[in-house]
Amino acid sequence: MESVLKLVQRTDCAAVQENDDKKQILEEIKEVCRLIACNDCWFELECDENLIDACIYQREELHSRYKYLLNLAKQREISCTPFKCKEMGV
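The present account deals with the structure reproduced in this document. Bear in mind the structure is a predicted one, so any value in this text is a computation, not a measurement. Each chain carries its own residue numbering, running from 1 in the written order of its sequence. A pLDDT threshold of at least 70 governs which residues receive local features in this predicted model, and a stricter bar of 80 or more applies before side-chain atom pairs are shown or counted, although totals over entire chains, interfaces and linings include all residues. Hydrogens and water molecules were not included; the side-chain quantities draw on all heavy atoms of the structure.

The next subject is the overall build of the chain. Here a strand is any run of E in DSSP of at least two residues, a helix any run of H or I of at least four, and the numbering for each starts at the N terminus. Across its full length, the chain holds two helices and zero strands. Any two residues whose heavy atoms approach within 4.5 Å at even a single point are treated as in contact. In the chain, once contacts between residues fewer than 6 apart in sequence are set aside, the share between residues at least 24 apart is 67%. In short, Shrake-Rupley with a 1.4 Å probe defines the accessible areas, and a residue's cover is counted only from the protein chains shown. Of the accessible surface of the chain, which amounts to about 7100 Å², a share of 55% is contributed by carbon and sulfur atoms.

In structure tokens:
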């Protein structure tokens, strides 16, 4: 009986861990989308050449991170209701 209870506890812990991972990935995707929106605003307002370059580099980094997180979510078969992400089409 004890071994069955331990097995159930392990299964429950694994399910909780998997659920936490899914939530974390979705939160990271939302955060990257927020940062992309902030970057877009910054780009629209910036006048200094050097800071415009910095904005462009940051945009590229954010887009790469976004693609990485989407691929990770696809691999783990994570889905959710759509949320808006400016310029990303999500």
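Next comes the rest of the write-up.
Let us look at unusual backbone geometry. Phi is positive for Glu77, close to 55°, though the residue is something other than glycine. Among the structural elements, Glu77 can be located in the segment after α2 (49-75). Burial classification: accessible surface area is computed with a 1.4 Å probe over protein chains only, and a residue below 20% of its type maximum counts as buried, one above 50% as exposed, and the rest as partly exposed. For Glu77, a relative accessible area of 70% gives the class exposed.

Time to look at the packing of aromatic side chains. Stacked, tilted and edge-to-face are the three classes assigned to paired rings of Phe, Tyr and Trp, where Trp is represented by its six-membered ring and a pair needs centres within 6.5 Å; plane angles under 30 degrees give stacked, over 60 edge-to-face, the rest tilted. Per the counting criterion, the structure on display carries zero aromatic pairs. We call a charge positioned over a ring when the NZ of a Lys or the CZ of an Arg lies within 6 Å of the ring centre and within 35 degrees of the ring normal. Taking the ring centre of Phe43 as reference, the NZ or CZ of Arg59 above it sits at 4.6 Å.

Inspection of the secondary structure assignment puts Phe43 in helix α1 (residues 2-45). Given a relative accessible area of 28%, Phe43 falls into the partly exposed group. Counting along the chain gives eleven residues from Phe43 to Ala54, while the straight-line C-alpha distance between them is 9.4 Å. With near-sequence residues (within four places) excluded, Phe43 lies in contact with Ile52, Cys55, Ile56 and Arg59.

Before going further, it helps to spend a moment on α2. Residue count minus one, scaled by 1.5 Å, sets the expected span of a helix. Given a rise of 1.5 Å per residue, 27 residues ought to cover 39 Å, and the 39 Å separating the end C-alpha atoms of α2 matches this to within 8%. Looking only at α2, the buried set comprises Cys55, Arg59, Leu62, His63, Tyr66, Leu69, Leu72 and Ala73. Two or three places before Asn50, at the opening of α2, Asp48 has a side-chain oxygen 3.0 Å from that residue's backbone nitrogen. For the purposes of these results, a polar contact is taken to be a pair of N or O atoms within 3.5 Å, where, inside protein, one atom must be able to donate a hydrogen and its partner to accept one; residues adjacent in sequence count only when each atom of the pair is a side-chain atom.

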